[in-house]
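# Examining the three-dimensional arrangement
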Amino acid sequence: MEAFNATEGDLKGYNCKICKNRGCIAILVDGVMAMKQCKCVKVRKSIRLMKETGINPDYKLANFKAAADWQRNLLEAAKRFLQSPNCWFYAGGQVGSGKTHICTGIVRELLQQGYPARYMLWRDASVKIKAVVNKPEEYAALVEPLKTINILYIDDFFKSNAEPTSADFNLAFEILNARYNRKLVTIISSEYYLDEVIQLNPSIGSRIYERSIGFQLNITRNSDRNYRLQKITRL
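The rules behind each value
- Residues numbered from 1 in each chain as written.
- Predicted model: local features only at pLDDT ≥ 70, side-chain atom pairs only at ≥ 80, totals over all residues.
- Heavy atoms only, no water.
- Helix = DSSP H or I, 4+ residues; strand = E, 2+ residues; numbered from the N terminus.
- Contact = heavy atoms within 4.5 Å.
- Areas by Shrake-Rupley, 256 points an atom, 1.4 Å probe, with all protein chains shown as cover.
- Axes fitted to C-alpha atoms, helices over the stretch in contact; angles between N-to-C directions.
- Parallel < 35°, antiparallel > 145°, perpendicular 65-115°, else oblique.
- Nonpolar A, V, L, I, M, F, W, Y, C, P; charged D, E, K, R; others polar.
- pLDDT = per-residue confidence, 0-100.
- Core = buried A, V, L, I, M, F, W, Y, C linked by side-chain atoms within 4.5 Å.
- Buried < 20%, exposed > 50% of the residue type's maximum accessible area, 1.4 Å probe, protein only.
- Salt bridge = Lys/Arg side-chain N within 4 Å of Asp/Glu carboxyl O.
- Phe/Tyr/Trp six-rings, centres within 6.5 Å; stacked < 30°, edge-to-face > 60°.
- Lys NZ or Arg CZ within 6 Å of the ring centre and 35° of its normal.
- Pairing = 2+ DSSP bridges.

Let us now look at the overall build of the chain. Scanning the chain from N- to C-terminus turns up 9 helices and 7 strands. In terms of overall dimensions, the chain has a C-alpha envelope of 70 × 45 × 35 Å along the principal axes. Put simply, of all contacts in the chain between residues at least 6 apart along the chain, 72% involve residues at least 24 apart. In the form shown here, the chain has an accessible surface area of approximately 13,200 Å², with 51% of it arising from carbon and sulfur atoms.

Below, the structure is given as structure tokens:
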């Protein structure tokens, strides 16, 4: 058993000091050697799911450009959050200001620390989930992981082609209330300021507010803060 546990494995993408990248460890069960799945398997699955979302692999805290005070505040808050990740993080406001970059960077750091995590792009995931709301098994298969995963990042919260509907509110409340009660880490980015979310739905907004105290970043809407427009030139 000791010889097996000392053997280096060949799994890639995450360096696990527990199983040495084998994905399992040998243990004794009633005096007999048995195999136990290493907890890094969940982390590896999270990393794979993150890659499959197509998120920019360059979204890391190390390369976030923090030239202005508001950008430095964002980065500083992210680093403070990582020192003790036991609450929620909310970044709202200006389109293209780096909210997704900062939040994705936080998730990457947490994955490397060994926390299983999941990425949810609200616009796409909510449509898919609402389409099977009358199919209990399919619905539960999509929603339950979002309610129970250690770290959940919801990107573009409530973004759609129209105002959020009652179905959106019901889905958001189900996921966030479960995570609120379980005290699970939740990271949210949105084009809405947090006070606007509270106005849209006090039950949802107040839970986000309570759990994210100290980490509520509302970026003033100003086109000068949109990275995507900075290379536009006028003739």
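The next thing to look at is the packing of helix H5 (residues 122-130) against helix H7 (residues 166-182). Taken N-terminus to C-terminus, the directions of H5 and H7 make an angle of 100 degrees; their axes are 11 Å apart at the nearest point. By the criterion of interaxial angle, the relationship of H5 to H7 is roughly perpendicular. Contacts between H5 and H7 involve Trp-122, Ser-126, Ile-129 and Lys-130 from the former and Ala-167, Asp-168, Leu-171 and Ala-172 from the latter. Of the residues assigned to the contact of H5 with H7, the class counts are 5 nonpolar, 1 polar and 2 charged.

What follows covers the confidence of the model for the chain. Caution is warranted with low-pLDDT regions, since their predicted coordinates should not be read in detail. For the chain, per-residue confidence averages 91 on the pLDDT scale, and 95% of positions sit at 70 or higher. Here helix H2 (residues 40-52) is the element of the chain with the lowest mean pLDDT, 85, and strand S6 (residues 185-190) is the one with the highest, 98.

Our next topic: the nonpolar core. One recurring pattern in soluble globular proteins: nonpolar side chains tend to sit buried together. If you look at the biggest cluster of nonpolar residues, it comprises 38 residues, and the most contacted ones within it are Phe-81, Phe-89, Ile-102, Ile-106 and Ile-187. Among the secondary structure elements, those contributing two or more residues to this core are H2, helix H3 (69-83), strand S3 (88-93), helix H4 (99-112), strand S4 (117-121), strand S5 (151-155), S6 and strand S7 (216-219). In this structure, Trp-88, Leu-152, Phe-157 and Leu-176 belong to the second largest nonpolar core, which totals 25 residues.

This brings us to the pattern of salt bridges. A complete count under the given rule lists 8 salt bridges for this structure. One salt bridge connects Glu-196 with Arg-221, and the closest N-O pair in it is separated by 2.6 Å. Residue Glu-196 is located in helix H8 (residues 194-200), and its partner Arg-221 is located in the segment after S7; the two are separated by 25 residues in the primary sequence. Here the salt bridges do not stand alone but share partners, grouping Glu-144, Lys-147 and Glu-174 into one network.

Using the criterion set out here, one finds 8 aromatic pairs in the structure. Seen from their ring centres, Trp-122 and Phe-158 are 5.6 Å apart, and the 90 degrees between their planes marks the pair as edge-to-face. Taken together, the residues span a long stretch of sequence, with Trp-122 in helix H5 and Phe-158 in the loop between S5 and H7 at a distance of 36 residues. Take Trp-122 and Phe-158: they sit in the same class, and that class is buried. Taking 5.5 Å as the distance between ring centres and 85 degrees as the angle between the ring planes, the aromatic pair formed by Phe-158 and Phe-169 counts as edge-to-face. One end of the pair, Phe-158, is in the loop between S5 and H7; the other, Phe-169, is in helix H7, with 11 residues separating them in the sequence. Aromatic ring contacts, followed pair by pair, group Trp-122, Phe-157, Phe-158 and Phe-169 into a single cluster. The ring of Tyr-180 carries Arg-207 above its face, with NZ or CZ at 5.4 Å from the centroid. When the ring centre of Tyr-193 is taken as origin, the NZ or CZ atom of Arg-221, which lies over that ring, is 4.0 Å away.

Our next topic: the pairing of strand S2 (residues 32-37). In this structure, strand S1 (residues 24-29) lies alongside S2, joined through 6 bridges in antiparallel fashion. Pairing of Cys-24 across the sheet is with Gln-37, part of S2. What sits between the antiparallel neighbours S1 and S2 is a turn of 2 residues, in which Asp-30 has the positive phi angle 55 degrees.

Even without being a glycine, Asp-30 presents a positive backbone phi close to 55 degrees. Phi is positive for Phe-158, which is not a glycine, with a value near 65 degrees. Residue classification places Phe-158 among the buried positions, given a relative accessible area of 2%.

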